[in-house]
Amino acid sequence: MELQPQNAAEKVILERHSVRAFTAQDVSEECVRDILTKAARAPSGTNTQPWKVYVVKGKIKQKITDQVVASVEAIFHGELAKVQFKPAYLYYSEQWFDPYLRRRRENGWGLYNILGITKDNKLAIHKQQLRNYEFFNAPVGLFFTTHKALEAGAKMAIAMLMQNIMLLAKAQGLDTCPQASWNDYHELIMPILGADDNEILICGMSLGFADKTEKVNQYVTTREPLDEFVRFLE
Ligand SMILES: Cc1cc2nc3c(=O)[nH]c(=O)nc-3n(C[C@H](O)[C@H](O)[C@H](O)COP(=O)(O)O)c2cc1C
């Protein structure tokens, strides 16, 4: 069932999708500053605002891509061990189980299906995964960090900041892809960002204009029906 927006807030919420192919069109620093200033109105426990945001473009963005892609390629070709690259915190649990495993698979295969990539085509899957580390061609990359000593509340606050960014971007005709896939490579990324030793990488994001001609952007995810995840109690 397609949901119909009734107002401007509903419109951006319903129109936001993760976009995985961007055009080369630039996004100005003024525009990114505007989005981030407003996004920082996100709530955080006792207004601690436990976020730091690195905005990367141009040469720095390319340096991050070059270093991470080189490592991901080396892992794929068996020249480097994947275990060398561990995230600063676990985004996913180590053991997958249903219904999360089923939903994860549906999402992955839905995406690969649209791209015509079959399960046994390991090279094509690898190449599509590599697109993450090229920011899907987006002109702007964002990295979100917090202080190492902070607990789960900091991650919740960053999630709210990220959602504000994604909705504000959408309202300006821009699109985004939140990306936990960068987390494994934080040891390569954090020094390039010039981050302090007390910071940890929480997530990355690509920001730019969607390439509407790319098939990958036609993929629209489903959601479980309301009664699957809500209980009304009196
Ligand atoms: C915190 C977070 C991290 C994510 N990391 C990635 C990622 O690394 N690569 C990717 O292609 N999509 C990533 N996604 C996008 C999800 O796959 C996507 O949100 C989900 O399938 C629902 O689709 P939608 O965003 O289009 O509604 C991430 C989403 C979130 C919220």
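A few points on the structure.

Procedures and definitions
- Residues numbered from 1 in each chain as written.
- Predicted model: local features only at pLDDT ≥ 70, side-chain atom pairs only at ≥ 80, totals over all residues.
- Heavy atoms only, no water.
- Helix = DSSP H or I, 4+ residues; strand = E, 2+ residues; numbered from the N terminus.
- Polar contact = N/O pair within 3.5 Å; in protein donor to acceptor, adjacent residues only side chain to side chain.
- Near = heavy atom within 4 Å.
- Areas by Shrake-Rupley, 256 points an atom, 1.4 Å probe, with all protein chains shown as cover.
- Contact = heavy atoms within 4.5 Å.
- Core = buried A, V, L, I, M, F, W, Y, C linked by side-chain atoms within 4.5 Å.
- Buried < 20%, exposed > 50% of the residue type's maximum accessible area, 1.4 Å probe, protein only.
- Axes fitted to C-alpha atoms, helices over the stretch in contact; angles between N-to-C directions.
- Parallel < 35°, antiparallel > 145°, perpendicular 65-115°, else oblique.
- Left-handed = near helix turned anticlockwise from the far one by under 90°.
- Nonpolar A, V, L, I, M, F, W, Y, C, P; charged D, E, K, R; others polar.
- Salt bridge = Lys/Arg side-chain N within 4 Å of Asp/Glu carboxyl O.

### Examining the environment of D34
As for its placement among the helices and strands, D34 is situated in helix 2 (residues 29-39). Expressed as a C-alpha distance, the spacing of D34 and H147, which sit 113 residues apart in the sequence, is 24 Å. A polar side-chain atom of D34 sits 2.7 Å from a polar atom in the side chain of K38.

### Concerning the site of the ligand
In the region of the ligand, 16 residues are neighbours, and S18, R20, A180, S181 and R223 sit closest. Contacts to the ligand include N107, whose side-chain N or O atom sits 3.1 Å from an oxygen atom. A180 is positioned such that a nitrogen or oxygen atom in its backbone is 2.9 Å from a nitrogen atom of the ligand. With the chains in place, 76% of the 620 Å² that the ligand exposes on its own is no longer accessible. Here the shell around the ligand takes 3 residues from strand 3 (residues 175-179), the largest share from any one element.

### Regarding the side chain of R16
By the secondary structure assignment, R16 is in the loop between helix 1 (8-15) and helix 2. Here R16 is in contact with Q163, M166, L167, K170 and R223, once residues within four sequence places are set aside.

### Quick look at the nonpolar core
I64, F143, W182 and I189 are the most contacted members of the largest nonpolar core, which totals 26 residues. Elements supplying a minimum of two residues to this core: strand 1 (52-56), helix 3 (58-76) and helix 7 (186-193). For F143, the residues in contact, after removing those within four places along its chain, are K52, V53, Y54, V56, I64, F135, W182, I189, L193, L201, C203 and G204.

### Some remarks on the packing of helix 3 against helix 7
Axis separation between helix 3 and helix 7 bottoms out at 10 Å; the angle between their running directions is 160°. It follows that helix 3 is roughly antiparallel to helix 7 by the angle criterion. When you trace helix 3 past helix 7, the crossing you get is right-handed. Along the contact surface, helix 3 presents I60, K63, I64, Q67, V68 and S71, while helix 7 presents L188, I189, I192 and L193. Among the residues making up the contact of helix 3 with helix 7, the classes are represented as 7 nonpolar, 2 polar and 1 charged.

### Some words on the pattern of salt bridges
Counted by the stated rule, this structure contains 10 salt bridges. R33 is the partner of E29 in a salt bridge, and the nearest nitrogen-oxygen pair spans 2.9 Å. Separated by 4 residues within a single helix, E29 and R33 lie in helix 2, roughly one turn from each other. Classification of E29 by relative accessible area gives exposed; the value is 53%. Looking at R33, the relative accessible area reads 54%, which means it is exposed. Put simply, E106 and R102 hold a salt bridge, and the shortest N to O gap is 3.4 Å.

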